[in-house]
Amino acid sequence: MERFEGVANTLFVPLVARIAISKEFPEYFVDEKALELERYLPDNAARGSSQYTNMASVARYYNMDQMVSAFAGAHERCNVVYLGAGLETAYDRLSDRLPGVRWYEVDLPEVIEARRTVFGTREREVTIPDDMFDMGWVREVDATLPTLLVVSGVFQYFHEEQVMGFIRSCGKAFPKAEMILDATSTSGLKFTNWFIKRTGNASALMYFGVDDAEALAKKCGAELLEERTFFPDALRMLGKRLSLVTRVSMRVAESKRQALILRLRLSA
């Protein structure tokens, strides 16, 4: 897996975070499958990470898991599709308590090859090797079922016109769809790009920022159903167990709304 270049090198960054926080703060978030995958990490996978960057990554999963569970709980049968899935382990965290979900992971062929090597074939899970923006993957998903599209840590690497066009295309492909996505403000992108350079992934800089969630929804013909910041629960639950630098960074991100999770109802 060390051969990945460019954006694919970021494959390991969220996994490193899930492992680190599962060990340090299991009362907030624990990912048993991520801990099992630690042996697959390259020696330098954690380079440039910090408690704050790990918490920022894991807070995204913490909140998205809640939103996925709420969506699945509202439907007897549904699809949950992770786009740009990487080494996402949501299936392992959630599938046992969400029996009505058909799980899909879509990513580039080399990433899906890595997933299949690590995870094998599992019940109610379909892996699709495809560039998510090419839209070929939609043919493998039952569009008659309620469908939740989860886009985590992906859109930031692309430009606005491509993201808007993709969301509109998903609305046309899935008449009963919602989408969960994380978004970084334009000011937050500056810090994030600094961190990415520290990890040695300068070819994977971020471009797409969101300062107005309602405006974003209108641009892509969607309805904004929910908007969350990343850290309220983490700050409440962990308090002074977090380092001072981490707490200050999290409170700044909260006050400036630099890190958001949005839930959209898509529309054809």
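**Notes on the overall build of the protein**
Here is step 1: The secondary structure content of the protein amounts to 10 helices and seven strands.
Here is step 2: Here the protein has a C-alpha radius of gyration of 17 Å; the compact-globule value for 268 residues is 18 Å, and the two agree.
Here is step 3: The 268 residues of the protein split such that 57% are buried.
Here is step 4: Within the protein, contacts between residues at least 6 apart in sequence are counted, and of these 73% link residues at least 24 apart.
Here is step 5: A total accessible area of about 12,100 Å² is found for the protein, and carbon and sulfur atoms account for 49% of it.
Here is step 6: In the protein, 34 side chains carry a positive charge and 37 a negative one; their mean positions are 4 Å apart.

**A few points about the nonpolar core**
Here is step 1: Counting residues in each nonpolar core, the largest one holds 40 residues, and the members touching the most others are Y28, M55, V68, Y82, W103 and F231.
Here is step 2: Setting aside residues up to four positions removed in sequence, V68 forms contacts with V80, Y82, L94, L98, W103, L148, V150 and I180.
Here is step 3: Core analysis: the next-biggest nonpolar cluster, separate from the first, contains 38 residues, V81, I167, M179 and L181 among them.

**What to know about the sheet that holds strand β3 (residues 125–129)**
Here is step 1: Pairing is mixed in the open sheet, where seven strands are placed in the order β3-β2-β1-β4-β5-β7-β6. In this open sheet, the two edge strands, each paired with only one partner strand, are β3 and β6 (223–229). Strand-to-strand twist across the sheet, computed as the mean angle between neighbouring axes with direction ignored, equals 20 degrees.
Here is step 2: Pairing analysis gives seven bridges linking strand β5 (residues 177–184) to strand β7 (residues 259–265), with the strands arranged antiparallel. Among the inter-strand pairings, M179 is bridged to a residue of β7, identified as L264.

**Re a nonpolar patch on the surface**
Here is step 1: Taken together, L244, V248 and V252 make up a surface patch of nonpolar side chains, about 250 Å² in accessible area.
Here is step 2: Within the secondary structure layout, V248 lies in helix α10 (residues 244–256).

**Remarks on unusual backbone geometry**
Here is step 1: In this structure, R124 takes a positive phi of about 65 degrees despite not being glycine.
Here is step 2: Assignment of secondary structure puts R124 in the loop between α5 (109–119) and β3.

**Side note on the packing of aromatic side chains**
Here is step 1: Scanning the model with the defined rule gives nine aromatic pairs in all.
Here is step 2: Between Y82 and W103 the ring centres are 6.4 Å apart and the planes differ by 15 degrees, which places this aromatic pair in the stacked class. With Y82 in strand β1 (residues 78–83) and W103 in strand β2 (residues 101–107), this residue pair connects regions lying 21 residues apart in the sequence. In terms of burial, Y82 and W103 fall into one category: buried.
Here is step 3: When the centroid spacing of 4.5 Å and the interplanar angle of 55 degrees are considered together, the rings of F133 and F158 count as tilted. Separated by 25 residues along the polypeptide, F133 in the loop between β3 and β4 (147–151) and F158 in the loop between β4 and α6 (160–173) bring together distant segments of the chain.
Here is step 4: By relative accessible area, F158 is classed as partly exposed at 24%.
Here is step 5: What links up through ring pairs into an aromatic cluster is the set F133, F155, F158 and F166.

**A few points about the pairing of β4**
Here is step 1: With five of five residues buried, β4 lies mostly within the body of the structure.
Here is step 2: Of the two faces of β4, the one carrying T147, L149 and V151 and the one carrying L148 and V150 are both buried.
Here is step 3: Across five bridges, the pairing between β1 and β4 is parallel. From the neighbouring strand, Y82 faces β4, where its bridge partner is V150.
Here is step 4: Of the pairings in the sheet, the one linking β4 to β5 comprises five bridges and is parallel in character. Along β5, the bridge assignment pairs V151 with L181.
Here is step 5: The parallel pair β4 and β5, bridged by α6, forms a crossover whose chirality is right-handed.

**Notes on the confidence of the model for the protein**
Here is step 1: Counting all residues, the mean pLDDT for the protein is 90, and 92% of those residues have values of 70 or more.
Here is step 2: For residues 1–7, every residue scores under 50 in pLDDT, and the model assigns this stretch 15 contacts once sequence neighbours within four places are set aside.

The rules behind these values
- Residues numbered from 1 in each chain as written.
- Predicted model: local features only at pLDDT ≥ 70, side-chain atom pairs only at ≥ 80, totals over all residues.
- Heavy atoms only, no water.
- Helix = DSSP H or I, 4+ residues; strand = E, 2+ residues; numbered from the N terminus.
- Rg over C-alpha atoms; globule rule 2.2 N^0.38 Å.
- Buried < 20%, exposed > 50% of the residue type's maximum accessible area, 1.4 Å probe, protein only.
- Contact = heavy atoms within 4.5 Å.
- Areas by Shrake-Rupley, 256 points an atom, 1.4 Å probe, with all protein chains shown as cover.
- Lys, Arg positive; Asp, Glu negative; His and termini not counted.
- Charge placed at Lys NZ, Arg CZ, Asp CG, Glu CD.
- Core = buried A, V, L, I, M, F, W, Y, C linked by side-chain atoms within 4.5 Å.
- Pairing = 2+ DSSP bridges.
- Axes fitted to C-alpha atoms, helices over the stretch in contact; angles between N-to-C directions.
- Patch = residues over 30% accessible without salt bridge, like charges linked within 9 Å, V, L, I, M, F, W, Y side chains within 5 Å.
- Salt bridge = Lys/Arg side-chain N within 4 Å of Asp/Glu carboxyl O.
- Phe/Tyr/Trp six-rings, centres within 6.5 Å; stacked < 30°, edge-to-face > 60°.
- Right-handed = clockwise from strand over helix to strand, strands pointing away.
- pLDDT = per-residue confidence, 0-100.

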